[in-house]
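# Analysis of the macromolecular model
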Amino acid sequence: MVLEGNPEVGSPRTSDLQHLENQGSCVLSSPGEDAQPGEEPIKYGELIVLGYNGCLASGDKGRRRSRLALSRRPHANGVKPDVMHHISTPLVSKALSNRGQHSISYTLSRSHSVIVEYTHDSDTDMFQIGRSTENMIDFVVTDTSPGGGAAEGPSAQSTISRYACRILCDRRPPYTSRIYAAGFDASSNIFLGERAAKWRTPDGLMDGLTTNGVLVMHPAGGFSEDSAPGVWREISVCGNVYTLRDSRSAQQRGKLVENESNVLQDGSLVDLCGATLLWRTPAGLLRAPTLKQLEAQRQEANAARPQCPVGLSTLAFPSPARGRTAPDKQQPWVYVRCGHVHGYHGWGCRRERGPQERECPLCRLVGPYVPLWLGQEAGLCLDPGPPSHAFAPCGHVCSEKTARYWAQTPLPHGTHAFHAACPFCGAWLTGEHGCVRLIFQGPLD
C-alpha cells in the first residue's frame, strides 16, 4: 500500500493475477478443503456496509456489494511475520521486487528503512477490504454519503484507502477473526512512508497506522437486545489496539490499550473513514430476524388496516420488491416529532421553517413530515421485534431496541466528528432521541 504522496501502484501483471487466483480470491462460493461435495462452506462471518438497506443502489455485483460472507477458502492464503531487515533506501526497491513475498516497509528516514517479511500461514485465511478494484481486494467498498447511496462523480474524492484493511480468520474452530489496518497491494507489499505514523515497539518490532486510520468499536454485551455501544479504538498495521488520535490523520498515535484485542465480535463496527461496516458472526446471524420474518411483520402490520386519522384512508407499507421509489397513495407518513402516522396530505406546511416542516393536525407539533420505509437489512436488527419505531428524520422503521441502539451509537464522520446515523440509509439522526415511537390509528369499524 502506498501512502503519503507515493505513486499509485499499477495493475498487476497476468502472472500476478494467476498467483492471486491460485490463493483463492473469491470468497462467495468456494467450499473449504474439508467440506464434502454439495456442502456449504464454513462461514467465518459477514460484513454489512451501513447505509444501503440490503442492496447497493446500482445493485450488488461481484465484490462490490452491501454485504459479503467470508467463508473458508479451498487453500489457506494467510500470512504471518517472519524476518525483519534494516536496510538503506537504495535497497528498498530490490527488497520489494519479489511479488510472491508479502512484506511491510517502514520508512524511518531517507537513509533507513525497516522491512518485515511475511511468510505463508497454513492456519489462516486472509481477506482484504478497500476501495481498489484490483483482484487482491475481496470486498470493494466505496464512500457512503449521508442519506444513503455512494458518493459518485469525478468531484467526489474518496477518503477510503485503496487497501484499507485485512481480516485474518483461523481455519479451525472457534474460527477467530482478527482485523489489521492496511492491506497488501498488487506487489504484495504494505508501504508506510516517512510521514506515516510508525514506531518501534518495546520488544524491538515495528508497528504503524494508516493515513486515515481503521477504527473499531466492540459493543458492550454483544449484539443483542441488551447491547450498548462500546468505545471507539484504532487498530494498527500489526493489529494492536490504541486510543483515538487527536484527529483522524494526526501523526501522533494514541495510547496502547493492553486489555483489548483486534478480535472481531458479533456486532463489531469497523470504520474506514468514508464507510462503516458491521461484523456479524454465524451465531449472531442465527439470532437475527430473517427476511421472511420481516416480510411477515410487514403483512401483519398491513393486516391491521391502519388508517389516516384525518383522511380515513387505509395505509399499507409497500412491498420491498417495489424499492424505495416515489411513495404511493397508501404509503404511511409520519410526523417525526410526535410519531403520529397519517396518509399523505398537503396541508399544515410551515414554509418559513423549511419545505418539510409540517404541523401535525392531532397535536400541533411542528416538524419534518416524511414517508415511512421498513428497514430491510435484517443483519442490522438486534431483535425480531415488531416495527414500532422510526428513525428521525429519514423514516426508516424497525423494532424499538434496534432503533434505540443505533440512535445512541456515534459513528465516525470526517477527521474527528461523530454522529448517530440511521443504519439503513446513513442519514444523520436528529431530535432529542433520534427516533420516535409510531402512533397508528386503527380502523373505526
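Everything that follows concerns the structure shown earlier in this document.
Here the structure is a predicted model, which is why all the values come from computation and not from measurement.

## Quick notes on the sheet that holds strand E7 (residues 139-140)
A sheet is described by the order of its strands in space; here four strands give the open sequence E7-E6-E8-E9, paired in mixed fashion. Each edge of the open sheet is held by one strand with a lone partner, namely E7 and strand E9 (177-181). Sheet analysis places strand E6 (residues 124-130) next to strand E8 (residues 165-170), joined by six bridges and oriented antiparallel. By the bridge assignment for E8, glutamine 128 is matched with arginine 166.

## Structural notes on the sheet that holds strand E27 (residues 435-437)
Sheet strands associate in pairs through backbone hydrogen bonding, adopting either a parallel or an antiparallel arrangement. Spatially, E22-E24-E23-E27 is the arrangement adopted by the four strands of the open sheet, whose pairing is mixed. Both edges of this open sheet fall to strand E22 (373-374) and E27, since each of them pairs with a single strand only. Of the pairings in the sheet, the one linking strand E23 (residues 389-391) to strand E24 (residues 396-398) comprises two bridges and is antiparallel in character. Within the sheet, the bridge partner assigned to alanine 390 lies in E24 and is valine 397. Sitting on the sheet, helix H5 (residues 400-407) touches E23, E24 and E27, and the angle it makes with E23 is about 30°.

## Details of the nonpolar core
Within the largest apolar cluster, 29 residues are counted, with the highest numbers of intra-cluster contacts made by Leu70, Ile129, Ile167, Ile179, Leu272 and Leu277. Those elements that provide at least two residues to this core are strand E1 (43-49), strand E2 (67-71), E6, E8, E9, strand E13 (214-217) and strand E17 (276-280). With residues up to four places along the chain from it excluded, the contact list for leucine 277 reads Leu47, Ile48, Val49, Ile129, Phe139, Val141, Ser268, Leu269, Val270 and Leu272. Membership of the second largest hydrophobic core comes to 27 residues, among which are Ile48, Leu269, Leu380 and Trp406.

## Let's talk about the environment of leucine 362
Within the secondary structure, leucine 362 is located in the loop between strand E20 (357-359) and strand E21 (366-371). With a relative accessible area of 45%, leucine 362 lands in the partly exposed category. For the pair formed by leucine 362 and cysteine 338, sequence separation is 24 residues and the distance between their alpha carbons is 9.5 Å.

Each value, and the rule that gives it
Residues numbered from 1 in each chain as written. Predicted model: local features only at pLDDT ≥ 70, side-chain atom pairs only at ≥ 80, totals over all residues. Heavy atoms only, no water. Pairing = 2+ DSSP bridges. Helix = DSSP H or I, 4+ residues; strand = E, 2+ residues; numbered from the N terminus. Contact = heavy atoms within 4.5 Å. Axes fitted to C-alpha atoms, helices over the stretch in contact; angles between N-to-C directions. Core = buried A, V, L, I, M, F, W, Y, C linked by side-chain atoms within 4.5 Å. Buried < 20%, exposed > 50% of the residue type's maximum accessible area, 1.4 Å probe, protein only.

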